[in-house]
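Spelled out from the first residue to the last, the chains are:
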Amino acid sequence: LYLATREAWFDQTKTDQPRMIHYPARTAELLAGADLPEVGAVFRTPKGAPYVVRKGSGGQIERAFKLAREAAGLGPDVTPYILRHTWATWFYAQTRDFGALMDLGGWAKADTANRYRKIAPADLGDRLAVHGWRFGEDAAPPKKTGDVGEIRGDRVGESETLRVFRGLRRS
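Residues numbered from 1 in each chain as written. Predicted model: local features only at pLDDT ≥ 70, side-chain atom pairs only at ≥ 80, totals over all residues. Heavy atoms only, no water.

A. Quick look at the overall build of the protein chain. A tally of helices and strands in the protein chain yields seven helices and two strands. Taken from the N to the C terminus, the helices and strands of the protein chain come in the order β-β-α-α-α-α-α-α-α. Relative to its 171 residues, the protein chain shows a buried fraction of 31%. Looking at the protein chain alone, contacts between residues at least 24 apart form 47% of all its contacts between residues at least 6 apart. By element, 56% of the accessible surface of the protein chain is carried by carbon and sulfur atoms, the whole surface being about 10800 Å². (Helix = DSSP H or I, 4+ residues; strand = E, 2+ residues; numbered from the N terminus. Buried < 20%, exposed > 50% of the residue type's maximum accessible area, 1.4 Å probe, protein only. Contact = heavy atoms within 4.5 Å. Areas by Shrake-Rupley, 256 points an atom, 1.4 Å probe, with all protein chains shown as cover.)

B. The packing of aromatic side chains, seen in detail. Per the counting criterion, the structure on display carries seven aromatic pairs. With a centroid separation of 6.3 Å and 85° between ring planes, the pair formed by Tyr 92 and Phe 98 is classed as edge-to-face. Tyr 92 gets classed as buried once you look at its relative accessible area, which sits at 18%. A residue is classified by how much of its surface remains accessible, and Phe 98, at 23% relative accessible area, is partly exposed. (Phe/Tyr/Trp six-rings, centres within 6.5 Å; stacked < 30°, edge-to-face > 60°.)

C. Examining the pattern of salt bridges more closely. Here the structure, examined in full by the defined rule, presents two salt bridges. Notably, a salt bridge pairs Arg 115 with Asp 111, separated by 3.9 Å at the nearest N-O pair. Taken together, the residues span about one helical turn, with Arg 115 and Asp 111 both in helix α5 (residues 110–116) at a distance of four residues. By relative accessible area, which is 44% here, Asp 111 ends up partly exposed. (Salt bridge = Lys/Arg side-chain N within 4 Å of Asp/Glu carboxyl O.)

D. Expanded view of helix α4 (residues 98–105). Residues of α4 that are buried: Ala 100, Leu 101, Met 102, Leu 104 and Gly 105. At its buried positions, α4 is contacted by β2 (19–22), α3 (80–95) and α5. Sitting at the amino-terminal end of α4 is Asp 97, which places a side-chain oxygen 3.3 Å from the backbone nitrogen of Gly 99. Of the residues one or two after α4, Gly 106 is the one with positive phi, at around 75°. (Polar contact = N/O pair within 3.5 Å; in protein donor to acceptor, adjacent residues only side chain to side chain.)

E. Region of interest: the packing of α3 against α4. One way to put it is that α3 packs onto α4 with a least axis distance of 10 Å and a crossing angle of 155°. Here α3 is positioned roughly antiparallel relative to α4, judged by the angle of their axes. Viewed along their axes, α3 and α4 form a crossing whose handedness is right-handed. The segment α3 lies against α4, with Arg 84, Trp 87, Ala 88, Phe 91 and Tyr 92 engaging Phe 98, Ala 100, Leu 101, Leu 104 and Gly 105. Of the residues that constitute the contact of α3 with α4, the class distribution is eight nonpolar, one polar and one charged. (Axes fitted to C-alpha atoms, helices over the stretch in contact; angles between N-to-C directions. Parallel < 35°, antiparallel > 145°, perpendicular 65-115°, else oblique. Left-handed = near helix turned anticlockwise from the far one by under 90°. Nonpolar A, V, L, I, M, F, W, Y, C, P; charged D, E, K, R; others polar.)

F. Up close: the nonpolar core. If you look at the biggest cluster of nonpolar residues, it comprises 16 residues, and the most contacted ones within it are Trp 90, Phe 91, Leu 101 and Trp 107. Of all elements in the fold, only α3, α4, α5 and α6 (124–130) reach the threshold of two or more residues within this core. No other element matches α3, which puts five residues into this core. Not counting residues within four places of it along the chain, the set of residues in contact with Leu 101 comprises Trp 87, Ala 88, Phe 91, Tyr 92, Trp 107, Ala 113 and Arg 117. (Core = buried A, V, L, I, M, F, W, Y, C linked by side-chain atoms within 4.5 Å.)

Next comes the structure, spelled out in structure tokens:
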């Protein structure tokens, strides 16, 4: 985890392709107050030990994710998989950089990246920025345009994205 540059290195991934990801300033703000280890795994068990990574399984963090999801007031429909779709949609809505989407998402094929990003209204990037979600390196403060629908900076997930789309139709 590189707090100064808002990057995180993932050595082991589902596709077996290590990659560096760049996370938005809002995530950096949330991490700034966290008690993170100086070195090693960031996500740890309740006893402070790194999670054991098992091939083909993410179940070792299931309980921790569930607790975090409940603390955020999110429903069981919000899963790591859904958050990956949401990230792809939100990132592309702001940057329109398909190459960066593929690189940062770790997808080798365009059709895979296309399955993860969803069609979004033209102003979704601006609406996200109003709530602190800025994915570009030098994103300017957003202009507040129209009804911001039902996006809340602390709510994420595909179902949340769909609620936003419904709210945008009113605009």
